[in-house]
Amino acid sequence: MTDSRRTITRSRRGDLWIFGILLVVIIATGSTRLRVYFRAPPPTVEAPR
Amino acid sequence: VDAFFFAPAEAPAVRMFRIALAGMLAFVFWPRGSGPAAKVLRHPVLAELYESIVMTPTYWGVILVVLALFAIGWHSRLGAVLLFLLLFPLNHLERGIQSGHVMLVALGCFAWLRSGERALRTTGPGPIWPIQLIRLQLTFVYALNALWKSTPHYLSGDALVGMSERLPNFIASFSDGYWHVGPLAIPVAVAAVASTLTEAFLAVGFWFPRTRRYAVVAGVAFHLVLQQIVRIFMLDLATMFLYLAFLLPFTPRAAAMPNPRSDRGIEP
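Predicted model only: the values in this text are computed from it and were never measured.

### Overview of the packing of helix 6 (residues 76–87) of chain B against helix 7 (residues 97–110) of chain B
All names here are of chain B. Put simply, helix 6 and helix 7 touch, their axes get as near as 9 Å, and they point 155° apart. As the angle between them shows, helix 6 and helix 7 are arranged roughly antiparallel. Between helix 6 and helix 7 lies a crossing of left-handed hand. Across the interface between the two elements, A80, L83, F84 and L87 from helix 6 touch L104, L107 and G108 from helix 7.

Printed below as a string of structure tokens:
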């Protein structure tokens, strides 16, 4: 493998790492706030008499 | 897979997206009298920094200058990084956190492209993967919502009825189990199922050229209807802005691309 090809491969691997990290950030932070609204409310507990 | 990540992005589309992004960032983050969020005010040092630096006209003036330079393509990559850092504190105000977040993530992805005018004229903007990330961002916004809405509680309409009674930003009232649109009374369960299906379609529809135009129409209609039901600040506009990642010609048209299976190298 020539030096230039090795450099390209390394640069692409770096790009893929950044892509993966950003993708995780997007999924982890994406609209999580809305989720609470769509959940069923917890069952209410009756107060002891 | 190689084309998905490393096809060279087209300079004219990157230029258009850069200018549109600058305009949209100015619009979404424009000061509207909103103060720092409660979680910021809990820390005295942060509250002081917000009062003395972030909430001042000078701070916004600096942002406007950087935005203008970014828009005209003067060292836009550096500009994108600076804008991200400058706008990040403004994404912690009382209002607009969701829409600001969508725009900041798009900016954070776009910053990996060489979007400055000098680079666009010489080396080109580089591989397309940052645009693919912005596309995936749009997909996840819709897909996660569709996923979380796919519960018996939401699909029965109960969640919407409860939200319309509880949340102050709801305009429509579903308390009788119906959504009243003029003379029509639509059962809330039907509206809940329709919104879930629409978001599921929007999550995948943009990726296929054949369904893309229907996705755009469905997406715009969905957000227009949503504005009649609930106020979500500028999340509608911020989400629809991401449609540009699919609509601008970031890659050459298929007909002009060389076909490796063809002996002549060009699609017949």
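Additional details are given in the paragraphs that follow.
### A look at the confidence of the model for chain B
When pLDDT is averaged along chain B, the result is 90; 94% of the residues meet or exceed 70. Under the prediction, the complex receives an ipTM of 0.81, its pTM being 0.86.

### Some thoughts on the environment of M16 of chain B
Residues and elements named next belong to chain B. Relative to the helices and strands, M16 resides in helix 2 (residues 11–29). Looking at M16, the relative accessible area reads 41%, which means it is partly exposed. Through-space distance from the C-alpha of M16 to that of L248 is 8.0 Å; in sequence the pair is 232 residues apart.

### Some words on the packing of helix 5 (residues 57–72) of chain B against helix 6 of chain B
Residues and elements named next belong to chain B. Relative to each other, helix 5 and helix 6 sit at 155°, their axes nearing to 9 Å. Overall, the two elements helix 5 and helix 6 adopt an arrangement that is roughly antiparallel. The way helix 5 lies across helix 6 gives a crossing that is left-handed. Residues Y59, W60, V62, I63, V66, L67, L69 and F70 of helix 5 lie in contact with helix 6, whose contacting residues are S76, G79, A80, L82, L83, L85, L86 and L87. Here the residues of the contact of helix 5 with helix 6 are counted per class, giving 14 nonpolar, two polar and no charged.

### Regarding a nonpolar patch on the surface
Residues and elements named next belong to chain B. A contiguous nonpolar surface patch, about 340 Å² in accessible area, is contributed by V45, L46, L49 and I53. Inspection of the secondary structure puts L46 in helix 4 (residues 44–54). The exposure class assigned to L46 is partly exposed, which follows from its relative accessible area of 36%.

### A short note on the environment of A119 of chain B
Residues and elements named next belong to chain B. Along the polypeptide, A119 turns up in helix 8 (residues 117–121). Separated by 46 residues in the primary sequence, A119 and G73 have C-alpha atoms spaced 9.2 Å apart. The contacts of A119, once residues within four sequence positions are left out, are R114 and G124.

### Quick look at the pattern of salt bridges
Residue and element names in this part refer to chain B. Across all of its chains, the model carries five salt bridges over all chains by this definition. We note a salt bridge from R18 to E117, for which the minimum N-O separation is 2.9 Å. Note that R18 is positioned in helix 2 and E117 in helix 8, a separation of 99 residues in sequence. Overall, the relative accessible area of 1% leaves R18 in the buried class. For E117, a relative accessible area of 13% corresponds to the buried category. The partner of E117 in a salt bridge is R121, with the nearest N and O atoms 3.8 Å apart. With a gap of four residues between them, E117 and R121 both fall in helix 8, about one helical turn apart.

Each value, and the rule that gives it
- Residues numbered from 1 in each chain as written.
- Chains lettered and ligands numbered in written order.
- Predicted model: local features only at pLDDT ≥ 70, side-chain atom pairs only at ≥ 80, totals over all residues.
- Heavy atoms only, no water.
- Axes fitted to C-alpha atoms, helices over the stretch in contact; angles between N-to-C directions.
- Helix = DSSP H or I, 4+ residues; strand = E, 2+ residues; numbered from the N terminus.
- Parallel < 35°, antiparallel > 145°, perpendicular 65-115°, else oblique.
- Left-handed = near helix turned anticlockwise from the far one by under 90°.
- Contact = heavy atoms within 4.5 Å.
- pLDDT = per-residue confidence, 0-100.
- Buried < 20%, exposed > 50% of the residue type's maximum accessible area, 1.4 Å probe, protein only.
- Nonpolar A, V, L, I, M, F, W, Y, C, P; charged D, E, K, R; others polar.
- Patch = residues over 30% accessible without salt bridge, like charges linked within 9 Å, V, L, I, M, F, W, Y side chains within 5 Å.
- Areas by Shrake-Rupley, 256 points an atom, 1.4 Å probe, with all protein chains shown as cover.
- Salt bridge = Lys/Arg side-chain N within 4 Å of Asp/Glu carboxyl O.

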